[in-house]
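Notes for the structure review
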Amino acid sequence: MAELHIIGQLLGASGFDGHSVFCKWGVHAGRSWELVEGSDGGQTQVDCPSGCGGMAVWSHPVDAHYVCRGLSGWPKLHVQIWAQDVHGRNELKGYGFCHVPTTPGMFELDCPTWLPEGSALERAAAFFIGGAPRLRTEEVVHSPGDRFRLQTAAGGVVHLRLGVVMKEFERHGVVTG
Amino acid sequence: MADAAPPSFFTVMATGQLESGDIPDCDTAYCKFEVVTGEDWQLLDGMETGITQVLNSAGPDRMLVWNFPLDVTYKSTNAFGWPQVVVSVYGVDAWGRDVVKGYGSMHLPTCPGRYELCVRLYRPRSASLLQTFLSWLTGMPAEFADPRFPAYGPGREVTRVVSSGSVNIQVNLLTKARTWTGHGDFWLF
């Protein structure tokens, strides 16, 4: 069995207009993948950016060790960005995902995010009551399912720095570049 | 493992320096660093922890230059728990007290080469209004009880921080991978 290590950090996010933001993240892998050590999901700290060009800093460590029996379902990382206000209320600010690179090395990744907009009535309700519309099934974020008729707006960008270490892929005839 | 591969280990050597810091409203500061690794990692050579000199920044660009050497060599059988550099920057106030200016962490690169890492800093916010007021009154902001906290993932959801400033670290990384039998290179970095 080949092994894959994903080692790196959720560095932070920019483009969320100076809100205090945090991120719920997770790694989704196919059925032939098994997590041996580390965690494949979590939640970062809440950062209130000051300076740094408005970039929120999470520096959240990611260290996951997978073994795989097949290549299908290569791990992908999905994120949800939430903003927290002074009263501790959380509001969704974006969904996004990115694939873990398939070559060993160090990678600086930018993951753009998007947010469901909802109908005019829902937007009016969100304006007065608060609480942005959310997805009922969150698999839509990382699976190539049906996104037709979903109206969305662009959100900010999540910055990642991932190192990929592969073991025994070449022994099984996988060309890793 | 079901696979009867020979036990393999690899060596990671990192040399470099804690080059400088860029922290707003701070001209006297020192930096503590610590390299945090997983259980399977064994230090072969070098210092895992260190404290730089107290630096008084001068000059037009107000950079805090530490130029402090970082030199560690590790041996491991498992890439899980890859070394992380955790830095904490302390300023010195008018009464000579150490005031925390920021914490930061970053994994060493997993690939050989020369890297300029920018570690962004953050510091925790007080948990309550009373503590905020007290820390303002005494001039001592909240600190993490465990200085290794930035290297750990769990338990972060209850942490609220303010981010400001950064530390620049230069790293040259070298890896050596070989199985015990020497038949092949099974680790790809």
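Look a little higher up for the structure.
What comes next is a walk through the structure. Remember, predicted model here, so these are calculated numbers, not experimental data.

What to know about empty space enclosed by the protein
The gaps left among the atoms become clear once a water-sized probe is rolled over them. All told, the structure shown has 1 cavity of 30 Å³ or more when counted by the stated rule. If you add up the space inside the largest cavity, you get close to 30 Å³. Taken together, Gly8, Gln9, Met106 and Arg161 of chain A together with Met106 and His107 of chain B make up the full set of residues lining the largest cavity. Partitioned by chemical class, the residues of the lining of the largest cavity number 2 nonpolar, 3 polar and 1 charged.

What to know about the environment of Phe144 of chain B
Residue and element names in this part refer to chain B. Topologically, Phe144 is positioned in the loop between helix H1 (129–138) and strand S10 (160–179). With 15 residues separating them along the chain, Phe144 and Thr159 place their C-alpha atoms 9.9 Å apart. The residues contacting Phe144, other than those within four sequence positions of it, are Tyr103, Tyr122, Pro124, Phe149 and Thr159.

Details of the interface of chain A and chain B
On the side of chain B, 39 residues touch chain A, which itself brings 44 residues to the contact. With both chains or domains summed, chain A and chain B bury close to 3,500 Å², and 57% of this area falls on carbon and sulfur atoms. For the pair chain A and chain B, the interface holds 0 salt bridges. Along the contact surface separating chain A from chain B lie 13 residue pairs in polar contact (both at pLDDT 80 or more). Those elements that provide at least two residues to the side of chain A that touches chain B are strand S1 (2–14), strand S3 (33–38), strand S5 (46–49), strand S6 (56–68), strand S9 (105–116) and strand S10 (152–167) of chain A. Here the element with the most residues in the side of chain A that touches chain B is S6 of chain A; it accounts for 9 residues. Broken down by class, the residue content of the side of chain A that touches chain B amounts to 18 nonpolar, 17 polar and 9 charged.

What about the packing of aromatic side chains?
Each aromatic ring pair is specified by the distance between its two centres and by the angle formed by the two planes. What the rule picks out here adds up to 15 aromatic pairs over all chains. Arranged with centres 6.0 Å apart and planes meeting at 55°, the rings of Trp74 of chain A and Phe169 of chain A form a pair that is tilted. Of this pair, Trp74 of chain A sits in the loop between S6 and strand S7 (76–84) while Phe169 of chain A sits in the segment after S10, and the two are 95 residues apart along the sequence. Look at Trp74 of chain A and you get buried, because its relative accessible area is 12%. In this structure Phe169 of chain A comes out as buried when scored by relative accessible area, which is 1%. The ring of Phe9 of chain B has Lys75 of chain B lying over it, and the distance from NZ or CZ to the ring centre is 5.0 Å.

Procedures and definitions
Residues numbered from 1 in each chain as written. Chains lettered and ligands numbered in written order. Predicted model: local features only at pLDDT ≥ 70, side-chain atom pairs only at ≥ 80, totals over all residues. Heavy atoms only, no water. 1 Å grid on protein atoms, 1.4 Å probe; cavity = no way out; pocket = protein on both sides within 12 Å on 5 of 7 lines; lining within 4 Å. Points joined across faces, edges and corners; volume = space filled by probe spheres on them. Nonpolar A, V, L, I, M, F, W, Y, C, P; charged D, E, K, R; others polar. Helix = DSSP H or I, 4+ residues; strand = E, 2+ residues; numbered from the N terminus. Contact = heavy atoms within 4.5 Å. Buried area = accessible area lost by both parts, 1.4 Å probe. Salt bridge = Lys/Arg side-chain N within 4 Å of Asp/Glu carboxyl O. Polar contact = N/O pair within 3.5 Å; in protein donor to acceptor, adjacent residues only side chain to side chain. Phe/Tyr/Trp six-rings, centres within 6.5 Å; stacked < 30°, edge-to-face > 60°. Buried < 20%, exposed > 50% of the residue type's maximum accessible area, 1.4 Å probe, protein only. Lys NZ or Arg CZ within 6 Å of the ring centre and 35° of its normal.

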